[in-house]
Amino acid sequence: MSTTDAVTFWDDVYAGRPAADGPRPNARLTETLTGLGLPPGEALDLGCGEGGDALWLAGQGWRVTAVDISAVAVERLTALARAHTLDDRVLAARHDLQESFPPGDFDLICAHYLHTPFGLDRSTVLRRAAHALRPGGRLLVVDHGSTAPWSWNQDPDLRYPNPREVAAGIGLSPDTWTVERAEAPRRTATGPDGSTAEVTDHVLLIRRSA
């Protein structure tokens, strides 16, 4: 499928949802950052969606570059950052990660639920992200480990690679990058319609050597 198809799909996904005044950050992001106690620095949010992670990070003092293939998502995040007086800390930009990657070096790179029905070489994108980390920086990859009732993909035969498999696919040298966390915790999640369900997350945290 073409890039145009992917843009149209994701624009329709976000346009079909009411714009949230204060979208929630992902639970694994707040949990991980709170546990690490990292000082604020430069962060990159890959597949920012409605912007909950970017806004939360900016509120903690981080300077955030947030990217998404959907212009609708990017425009909404730009407006929200302005409304929350965080526009000096949030730069939202449209990127098709299959074609382009935001420039710069970062202390934290997040990729939450970077799944798509369209062609995306995730391993290459995540490898590029790891190489964009500054020494001591972290790459946090949080994937679906189960299918929520509200997911756009309800394929009963869908298999979710576990965190160790994702790490192996990225193919990073252990001399430079260390897997600090590779787990599959469960939690109660809330969908866009307000319904709840127990889901599994696949959490991978990689640190670049200082």
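Residues numbered from 1 in each chain as written. Predicted model: local features only at pLDDT ≥ 70, side-chain atom pairs only at ≥ 80, totals over all residues. Heavy atoms only, no water.

**Some thoughts on the overall build of the protein chain**
Worth spelling out the cut-off: Strands are runs of DSSP state E lasting at least two residues, helices are runs of H or I lasting at least four, and both sets are numbered from the N terminus onward. Using C-alpha atoms as the atom set, the radius of gyration is obtained and then compared with a globule rule of 2.2 Å times the number of residues to the power 0.38. The rule is simple: take the accessible area with a 1.4 Å probe, protein chains only, and divide by the maximum for that residue type; under 20% is buried, over 50% is exposed, in between is partly exposed. We count Lys and Arg on the positive side and Asp and Glu on the negative side, and we leave His and both chain ends out. A charged residue contributes its charge at one atom only: NZ of Lys, CZ of Arg, CG of Asp or CD of Glu.
A tally of regular secondary structure across the protein chain gives 6 helices and 8 strands. Taken from the N to the C terminus, the helices and strands of the protein chain come in the order α-α-β-α-β-α-β-β-α-β-α-β-β-β. What you see for the protein chain is a C-alpha radius of gyration of 16 Å, in line with the 17 Å of a compact globule of 210 residues. Its C-alpha atoms give the protein chain principal-axis dimensions of about 45 × 45 × 35 Å. Taken across its 210 residues, the protein chain has 43% of its residues classed as buried. Between the centroid of the 20 positive side chains of the protein chain and the centroid of its 28 negative side chains there is a distance of 5 Å.

**Focus: the packing of helix α2 (residues 27-36) against helix α3 (residues 52-59)**
A pair of packed helices is characterised by two quantities: the angle between their axes and the separation of those axes. Counted only if it meets this: Interaxial angle, 0 to 180 degrees, is taken between N-to-C directions of lines fitted to C-alpha atoms, where a helix line uses only the stretch in contact. By the definition adopted for this analysis, an angle is roughly parallel if under 35 degrees, roughly antiparallel if over 145, roughly perpendicular if from 65 to 115, and oblique otherwise. Should the near helix be turned counterclockwise from the far one by less than a right angle, the crossing is left-handed, whereas a clockwise turn marks it as right-handed. Residues count as neighbours in contact if any of their non-hydrogen atoms are within 4.5 Å of one another. Residue polarity is assigned by list, with Asp, Glu, Lys and Arg as charged and Ala, Val, Leu, Ile, Met, Phe, Trp, Tyr, Cys and Pro as nonpolar; anything else, Gly included, falls into the polar class.
Running from amino to carboxyl end, α2 crosses α3 at an angle of 25 degrees, the nearest separation of the two axes being 10 Å. Considered as vectors, α2 and α3 are oriented roughly parallel to each other. At the point where α2 passes α3, the crossing takes the right-handed sense. Residues Leu-29, Thr-30 and Leu-33 of α2 lie in contact with α3, whose contacting residues are Asp-53, Trp-56 and Leu-57. Its residues assigned to classes, the contact of α2 with α3 comprises 4 nonpolar, 1 polar and 1 charged.

**A few points about α2**
The test is simple: Directions from the helix axis toward the C-beta atoms define the arc.
Among the residues of α2, Arg-28, Leu-29, Thr-32 and Leu-33 are the ones counted as buried. Angular distribution of buried residues about the axis of α2 spans 120 degrees; they occupy a single face of the element. Exposed side of α2, more than 90 degrees from the buried face: Thr-34 and Gly-35 are the residues found there. Where α2 is buried, its residues meet α3, β4 (106-112), β5 (133-144), β6 (177-183), β7 (186-190) and β8 (196-208). Gly-37 sits one or two positions beyond α2 and adopts a positive phi of about 65 degrees.

**Quick look at the packing of helix α5 (residues 122-131) against helix α6 (residues 163-170)**
Contact pair α5 / α6: the axes reach a minimum separation of 8 Å and the direction vectors enclose 75 degrees. For the element pair α5 / α6, the angle class is roughly perpendicular. Here Arg-122, Ser-123, Leu-126 and Arg-127 of α5 come into contact with α6, specifically with Val-166, Gly-169 and Ile-170. Classifying every residue of the contact of α5 with α6 by side-chain character gives 3 nonpolar, 2 polar and 2 charged.

**With respect to the packing of aromatic side chains**
In this description, a pair of aromatic rings is defined by centroid distance and the angle of the planes. Worth spelling out the cut-off: Paired rings are identified among Phe, Tyr and Trp, the last through its six-membered ring, by centres lying within 6.5 Å, and are further divided according to the angle between planes into stacked (under 30 degrees), edge-to-face (over 60) and tilted (the rest).
Under the definition given, this model contains 3 aromatic pairs. With a centroid separation of 5.3 Å and an interplanar angle of 65 degrees, the aromatic rings of Phe-9 and Phe-118 are classed as edge-to-face. Placement of Phe-9 in helix α1 (residues 3-15) and of Phe-118 in the loop between β4 and α5 is noted, with a sequence separation of 109 residues between them. You can call Phe-9 partly exposed: its relative accessible area is 27%. Classification of Phe-118 as buried rests on a relative accessible area of 12%. Every member of this aromatic cluster is reached through a ring pair, and the members are Phe-9, Trp-10, Tyr-14 and Phe-118.

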